[in-house]
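Structural overview for review
For reference, the chains in residue letters:
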Amino acid sequence: MAPRAACALLFAACLHLTGCESLRSYENELGETSRQLGAGNVEGALTLLEQNNSAPEKDLLYYFEKGELLRAKGDLAGSQDAWRAADRVVFQWEESVKADPDKYLGEIGSFLINDKVRRYEGYDYEKVMLTAQMALNSLALKDFETARADIKKTHEREALIARLRDRQYLQEEEEAEEQGITTEYQDLQGYPVESLNAPEVLGLKNSYQSAFSHYLAGFVYEALGEKGLAAPGYRKASELRPKTPLLEKALLNLDKPGGKTTETDVLLVVQTGLAPARNSLSIPLPIPTDSGLIIAPLSFPLIEADTSTPPVSRLDLNGKNIALTELSSIDAMSRRALRDDMPGIILRTTLRAVTRGVAQHELNETDPWAGLALGIVSAITEGADERTWRTLPDTIQIARVRLKKGQQRLSVQTAYGETEFDVMIAGKHQVVPLRVIGTQVFASGDATRLIAPAVTAPTGIQATVSKTP
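Residues numbered from 1 in each chain as written. Predicted model: local features only at pLDDT ≥ 70, side-chain atom pairs only at ≥ 80, totals over all residues. Heavy atoms only, no water.

Take a negative patch on the surface next. On the surface, a cluster of negative charge is contributed by Glu-173, Glu-174, Glu-177 and Glu-178. If you trace the backbone, Glu-174 turns up in helix α8 (residues 144-179). (Patch = residues over 30% accessible without salt bridge, like charges linked within 9 Å, V, L, I, M, F, W, Y side chains within 5 Å. Areas by Shrake-Rupley, 256 points an atom, 1.4 Å probe, with all protein chains shown as cover. Salt bridge = Lys/Arg side-chain N within 4 Å of Asp/Glu carboxyl O. Lys, Arg positive; Asp, Glu negative; His and termini not counted. Charge placed at Lys NZ, Arg CZ, Asp CG, Glu CD. Helix = DSSP H or I, 4+ residues; strand = E, 2+ residues; numbered from the N terminus.)

And the structure:
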């Protein structure tokens, strides 16, 4: 066979083996989808999502993103369906880990497969936030029992993740020592190490436990009269976010008598912005081969904060300012996840580069055309994994107040002006979820009705209130 023909066949075979995912830029896809969402064109965002996921078999990220887009549209039933589908995928992951953790750890430790062409299983914080978001959907519909089931699942998921990661990180440390790889992320010249060593990142116990999800658990259990379960939720939230008066107060108030029967204990949840992006940063590293050291450009993931949404500057109820308390930062959680994963990423990337370098050196000596083909394919497929759940909120804030039953006026002040809602307050406990993205303020559930959108928003842009079909 002619050398050029052999080269072409090998090139095509390598592309087939690595898969089309290696050429996909997830951030480019979700960047445009997010811009449509932030401008109020939810239908346009959904259309883009479907166009970018035309294959019959959908992956986990598709269901993650679709659930959030349908929630913004007001289709809470459709949002739950999408997230239930995502939850089934995560459940399958859980079952595989429980059945044979050693086999699972062996698969994620495979050194010849580029991370970005692996099956996407979600980051740990995404798995936990999934059930928290599902619980919020149920609470917007005042369905505390269904929310309780999702919250229970959150606790079980966290426990499994904790056991798995302890084993994984120890295994990676032993493998790196055995292979003689001593490079740490602090050694990567040109990498923004400070982004992974920021105080808000180092202050987290891990990447997946959220003060918000545990506080929400406490509130739900308290609303259902299960104070014995509410206390651990509030206590864990306080441990994860120490010296936060709102969290300490919730625990202290558990044993106090309930308020007036004419009032409702209301939890306001304000989720702002979009989760940070993951991009790829190429850094030249020395790689040992039989013929000596070579300098190879290797790619590592980089967290980039989303700046599309200014923070909420003020929240008013009936003209009275309500203070918001930040409980969780997805930005910080994603950075912590990357910080914890970097030793394994460096190990896999380095060993893959060594294996590739040896293979190319041998091919260059026996079949230069094949060596050239491998070099081209390696260059095309080299890159860090950009996939991540981008429509998750960036920050989560809450406020807790007692309100008289009946209609109340809620005002949200953003950089684009004031958006007003009427909220019907009823029952002993109620959760009012708000979502701020770009110029938009979304409110979920039948209890909330839009009165006036932000008056200074760009022409054609308005706030949105989510309604169930």
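Next, the rest of the story.
Quick look at the packing of helix α3 (residues 42-51) against helix α4 (residues 60-73) now. Helix-helix packing: each pair is described by the crossing angle between the helix axes and the interaxial distance. As a packed pair, α3 and α4 sit with axes 10 Å apart at the nearest point and diverge in direction by 165°. Classified by the angle between their axes, α3 and α4 sit roughly antiparallel to one another. The handedness of the crossing between α3 and α4 is left-handed. Side by side, α3 and α4 meet where Val-42, Glu-43, Ala-45, Leu-46, Leu-49 and Glu-50 of the first sit next to Tyr-62, Glu-65, Lys-66, Leu-69, Leu-70, Ala-72 and Lys-73 of the second. For the contact of α3 with α4, the per-class residue count stands at eight nonpolar, no polar and five charged. (Axes fitted to C-alpha atoms, helices over the stretch in contact; angles between N-to-C directions. Parallel < 35°, antiparallel > 145°, perpendicular 65-115°, else oblique. Left-handed = near helix turned anticlockwise from the far one by under 90°. Contact = heavy atoms within 4.5 Å. Nonpolar A, V, L, I, M, F, W, Y, C, P; charged D, E, K, R; others polar.)

One way to put it is that helix α5 (residues 76-99) packs onto α8 with a least axis distance of 11 Å and a crossing angle of 35°. The way α5 lies across α8 gives a crossing that is left-handed. For the pair formed by α5 and α8, the contact residues are Arg-84, Asp-87, Val-90, Trp-93, Glu-94, Val-97 and Lys-98 on the first element and Thr-146, Asp-150, Lys-153, Arg-157, Leu-160, Ile-161, Leu-164 and Arg-165 on the second. Of the residues contributing to the contact of α5 with α8, the split by class is six nonpolar, one polar and eight charged.

Spatially, the five strands line up as an open sheet ordered β5-β4-β8-β9-β12, and their pairing is antiparallel. The open sheet is flanked by β5 (320-321) and β12 (448-452), the only strands paired with a single partner. Note that strand β4 (residues 314-317) and strand β8 (residues 406-414) share four bridges and pair antiparallel. For Leu-317, the partnering residue across the bridge sits in β8 and is Leu-410. (Pairing = 2+ DSSP bridges.)

With that settled, the discussion passes to the side chain of Gln-397. Residue position: Gln-397 is located in strand β7 (residues 395-404). Discounting chain neighbours no more than four positions away, the residues touching Gln-397 are Leu-268, Val-269, Val-270, Thr-272, Leu-324, Thr-325, Glu-326 and Leu-327.

By the secondary structure assignment, Ala-443 is in strand β11 (residues 440-443). With a relative accessible area of 0%, Ala-443 lands in the buried category. Each C-alpha atom, one on Ala-443 and one on Phe-421, is 8.5 Å from the other, the two residues being 22 residues apart in sequence. (Buried < 20%, exposed > 50% of the residue type's maximum accessible area, 1.4 Å probe, protein only.)

Under the definition given, this model contains seven aromatic pairs. With a centroid separation of 4.2 Å and an interplanar angle of 10°, the aromatic rings of Phe-64 and Trp-389 are classed as stacked. Note that Phe-64 is positioned in helix α4 and Trp-389 in the loop between α15 (368-381) and β7, a separation of 325 residues in sequence. A relative accessible area of 0% places Trp-389 in the buried class. The structure contains a cluster of three or more aromatic residues connected by ring pairs, namely Phe-64, Trp-83 and Trp-389. Seen from the ring of Tyr-62, Lys-58 lies directly overhead, with NZ or CZ sitting 5.2 Å from the centre. Across from the ring centre of Trp-93, 4.1 Å away, lies the NZ or CZ of Lys-127, which sits over that ring. (Phe/Tyr/Trp six-rings, centres within 6.5 Å; stacked < 30°, edge-to-face > 60°. Lys NZ or Arg CZ within 6 Å of the ring centre and 35° of its normal.)

This brings us to the pairing of β8. It is a general feature of regular strands that their side chains alternate between the two faces of the sheet. Inspection of the sheet shows β8 paired to strand β9 (residues 417-425) by nine bridges, in the antiparallel sense. Pairing of Gln-407 across the sheet is with Met-424, part of β9. Where β8 hands over to β9, the hairpin turn is made up of two residues, counted between the paired strands.

So, about the pattern of salt bridges. Scanning all chains against the criterion turns up 30 salt bridges. Between Arg-435 and Glu-68 there is a salt bridge, with its nearest N and O atoms 3.3 Å apart. Pair noted here: Arg-435 is in strand β10 (residues 429-437) and Glu-68 is in helix α4, with a separation of 367 residues, a long-range link. Look at the salt bridges and you will find they share partners, linking Asp-87, Glu-94, Lys-153 and Arg-157 into a network.

For the rest of this paragraph, the subject is the side chain of Arg-435. Using a relative accessible area of 4% as the deciding quantity, one classes Arg-435 as buried. Among the polar contacts made by the side chain of Arg-435, one reaches the side chain of Glu-68 at a distance of 3.3 Å. Look past the residues within four positions of Arg-435 in its chain and what remains in contact with it is Glu-68, Arg-71, Gln-271, Thr-272, Gly-273, Leu-274, Thr-391, Leu-392, Pro-393, Gln-440, Val-441 and Phe-442. (Polar contact = N/O pair within 3.5 Å; in protein donor to acceptor, adjacent residues only side chain to side chain.)

For the rest of this paragraph, the subject is unusual backbone geometry. Generally, phi is negative for residues other than glycine and the peptide bonds are trans, each holding for most cases. Residues other than glycine seldom take positive phi values, yet Lys-142 does so here, at roughly 65°. Positionally, Lys-142 belongs in the loop between α7 (124-140) and α8. The backbone of Asn-318 shows a phi angle near 55°, a positive value even though the residue is not glycine. Among the structural elements, Asn-318 can be located in the loop between β4 and β5.

Counting buried residues in β10 gives nine out of nine residues, a clear majority hidden from the surface. Here β10 shows no split at all, with His-429, Val-431, Pro-433, Arg-435 and Ile-437 on one side and Gln-430, Val-432, Leu-434 and Val-436 on the other all buried. The sheet contact formed by strand β1 (residues 263-272) and β10 spans eight bridges and is parallel. Note that in β10 the partner of Leu-268 across the bridge is Val-432. Between the antiparallel neighbours β10 and β11 lie two residues, among them Gly-438 with a positive phi of about 60°.

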